[in-house]
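Per-entry structural report
Residue strings, one per chain:
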Amino acid sequence: MHQTLFNISGEIEEAGNALSLTYSPGQLYALRVNIRRTRSILKHFGSHKSRSYRKTWGGFAAVTNDARDWDVFLITAEKLLTPGDYNSFEALNREQVQSSHEAVLEMLTSAPWRRHLQEWKQQLEQTGEESSGQDQALTSLERALAKARQALQLALTVDNDRRWHKFRIAVKEVRYVADSGRDHPVKGEYLAEVSATCRSVQTLLGNWHDTVVQLDILSELADTDVHDRLGSLVRQRKEQFLSEIRSELHEQPLFR
């Protein structure tokens, strides 16, 4: 797991450096994914220091949430709306989009970010690979799978946004843990299969969650015709994605 963290940290730094020069939704995505991967691995170490680092990484990730949500929403709106309506939507919300991007750039050029990255890299260099890392990944995977299975049962039973969101997070956890141990000499193929399954389910859950976020954003925006039309279209997508998720899970035994 130590080598995995070392590699992921390099990807975080690379994405952060690229973003600080020119904002790019793709680089923001890379930054966020790798921060999530780092936090997922740290969760299974259990030490005070790992919890502290996990919390700090989470704080930085939270700064990027609005930018990510707006990036995705603009892509969705362009797909769903006519060109004229999309131009109106983009113009109405341009200031908020720019503000969300500026918050990311400000974070990446701040002293706290630079200091944290330096301390984190030093910590990784000082910490050697644990001999039990691969077995730890398997143990962590079983715990993550148990949690995901329980979360799915609650989502199917209660069937509300909160429970489906918790299942989505649990699936992410399973995938990241599986990815961290894919070089296992015996269970590597199994871990790769688990990761691939999670990726498929995660895509559907991510699409669904985007609609939830977009409806929340719309509820805070000015009451206009274009926002009303977009809200109706997003609600239809939400139901469609949830139907696809249920169908996929019915055929998938991993989480049962």
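The following paragraphs examine the structure supplied in this document. Computed from a predicted structure; not experimentally measured. (Residues numbered from 1 in each chain as written. Predicted model: local features only at pLDDT ≥ 70, side-chain atom pairs only at ≥ 80, totals over all residues. Heavy atoms only, no water.)

Structural notes on the overall build of the chain
When helices and strands are counted, the chain shows 11 helices and 0 strands. Counting helices and strands in the order they occur from the N terminus, the chain gives α-α-α-α-α-α-α-α-α-α-α. In terms of C-alpha radius of gyration, the chain reaches 20 Å, essentially the compact-globule figure of 18 Å for 256 residues. The C-alpha extent of the chain, read off along each of the three principal axes, is 60 × 45 × 25 Å. Every one of the 256 residues in the chain was classed for burial, and the buried ones make up 46%. Put simply, 75% of the contacts in the chain that link residues at least 6 apart link residues at least 24 apart. Of the accessible surface of the chain, which amounts to about 13,500 Å², a share of 48% is contributed by carbon and sulfur atoms. Side-chain charges of the chain comprise 33 positive and 35 negative groups, with the mean position of each set lying 6 Å from the other. (Helix = DSSP H or I, 4+ residues; strand = E, 2+ residues; numbered from the N terminus. Rg over C-alpha atoms; globule rule 2.2 N^0.38 Å. Buried < 20%, exposed > 50% of the residue type's maximum accessible area, 1.4 Å probe, protein only. Contact = heavy atoms within 4.5 Å. Areas by Shrake-Rupley, 256 points an atom, 1.4 Å probe, with all protein chains shown as cover. Lys, Arg positive; Asp, Glu negative; His and termini not counted. Charge placed at Lys NZ, Arg CZ, Asp CG, Glu CD.)

Focus: the pattern of salt bridges
All chains considered together, the criterion is met by 9 salt bridges. The residue Arg 94 makes a salt bridge to Glu 90 at a minimum N-O spacing of 2.7 Å. Taking relative accessible area as the criterion, Arg 94 reaches 39% and is therefore assigned partly exposed. In this structure, Arg 246 and Asp 159 form a salt bridge, with 2.7 Å as the shortest nitrogen-oxygen distance. In this pair, Arg 246 sits in helix 11 (residues 225-250) while Asp 159 sits in the loop between helix 8 (133-158) and helix 9 (161-180), placing the two residues 87 residues apart along the sequence. (Salt bridge = Lys/Arg side-chain N within 4 Å of Asp/Glu carboxyl O.)

With respect to the nonpolar core
Nonpolar side chains in soluble globular proteins tend to be buried together. Counting residues in each nonpolar core, the largest one holds 28 residues, and the members touching the most others are Leu 141, Trp 164, Phe 167, Val 174, Ile 245, Leu 249 and Phe 255. Of all the elements, helix 10 (residues 188-220) adds the most residues to this core, at 8 residues. Judged by nonpolar contacts, the second largest core, of 23 residues, contains Ala 15, Leu 42, Tyr 53 and Trp 57. (Core = buried A, V, L, I, M, F, W, Y, C linked by side-chain atoms within 4.5 Å.)

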